[in-house]
Amino acid sequence: MKSQLTTLCYIEKGEKYLMLHRVSKKNDINKDKWIGMGGHFEGEESPEECLLREVYEETGLTLTSYQFRGIVTFCSEGEPAEYMCLYTADGFEGEIRECDEGNLEWVEKDKIEELNLWDGDVLFLDLLRRNVPFFSLKLCYRKDGYWYRALLDGRELELVDLVREDGTPTGHVRERSMHIGRQDSAPEY
């Protein structure tokens, strides 16, 4: 099995990101999750060509200003690795149209974590929020969809299972410094 190459972009408008609530496709690994815009490389596309095509196909927008922020390696038990080129965009032209993969919605950046996200997405969204320079992030998931390992720029991160006040597991995992609390002078990753 060959590894997959993908792009993902968070389009910004002020203090909001354009998010896609994946509710339309059958047998979708992202079913009911909220994600940015993107998808698989086609033919001989460069990352930027894939980014521009996918954003246009999913939103009707043409990006005019974007930045390559990092590469995320996804590992999932029994599956080939996926290498995702992560972008943000702050310039675009056109009008948003309906997406056949789900519902598009502008969401306040400080409300993003209230959405149904992949736990690993919370980590790279935090890196984007803090304007961490170009990074390489590796996220390893079990078959049940929960992550068990993360490396940032080759360094192991400490993951913690989140629990409710009564001590029962929530089924979610966070990187330790994110769980302890955010600080304006965020810890070094």
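Residue positions within a chain follow its written sequence, with the count starting from 1. Local features in a predicted model are, by the rule used here, given only for residues with pLDDT of at least 70; side-chain atom pairs are given and counted only at 80 or more, and totals for whole chains, interfaces and linings are based on all residues. The side-chain quantities take in all heavy atoms of the structure and omit both hydrogens and water.

**Considering the environment of Asp110**
To be explicit about the condition: By the criteria applied, helices consist of DSSP H or I runs no shorter than four residues and strands consist of E runs no shorter than two, each listed in order from the N terminus. Exposed residues in this analysis have more than 50% of their type's maximum accessible area, buried residues have under 20%, and partly exposed residues fall in between, with area computed by a 1.4 Å probe over protein chains only.
Within the element layout of this structure, Asp110 appears in the loop between strand 7 (103-108) and helix 2 (119-129). For Asp110, a relative accessible area of 62% puts it in the exposed group. It is 8.4 Å that separates the C-alpha atoms of Asp110 and Lys16, two residues lying 94 residues apart in sequence.

**A few points about the pairing of strand 6 (residues 82-93)**
The side chains of a regular strand alternate between both faces of the sheet. To be explicit about the condition: Here the rule is simple: two strands pair whenever DSSP picks up at least two bridges between them.
Both strand 1 (residues 4-13) and strand 6 contribute to a ladder of 8 bridges, which runs parallel. Looking across to strand 6, one finds that Leu5 is bridged to Tyr83. With 11 bridges connecting them, strand 5 (residues 62-76) and strand 6 associate as antiparallel partners. Within strand 6, the position partnered with Leu63 by the bridge is Phe92.

**A closer look at the layout of surface pockets**
Here is the rule we go by: Note on definitions: the grid is 1 Å and covers protein atoms alone; a cavity is a set of points where a 1.4 Å probe fits but cannot get out; a pocket is an open set with protein on both sides within 12 Å along at least five of seven lines; lining residues have an atom within 4 Å of a point. Grid points are joined across faces, edges and corners, and a volume is the space filled by probe spheres set on the points.
Of the volumes computed, that of the largest pocket is approximately 820 Å³. What lines the largest pocket is a set of 31 residues, and nearest its centre among them are Gln4, Ile29, Asn30, Phe74 and Glu82. Taken together, the elements giving at least two residues each to the lining of the largest pocket come down to strand 1, strand 4 (37-40), helix 1 (47-59), strand 5, strand 6 and helix 2. Examining the composition of the lining of the largest pocket, we find that 4 residues originate from one element, strand 1, more than from any other. Contributing to the lining of the second largest pocket are 21 residues, with Tyr17, Lys109, Leu125, Leu128 and Arg129 lying nearest its centre. Those elements that place two or more of their residues in the lining of the second largest pocket are strand 5, strand 6 and helix 2. For the lining of the second largest pocket, the element with the most residues is helix 2, which contributes 5 residues.

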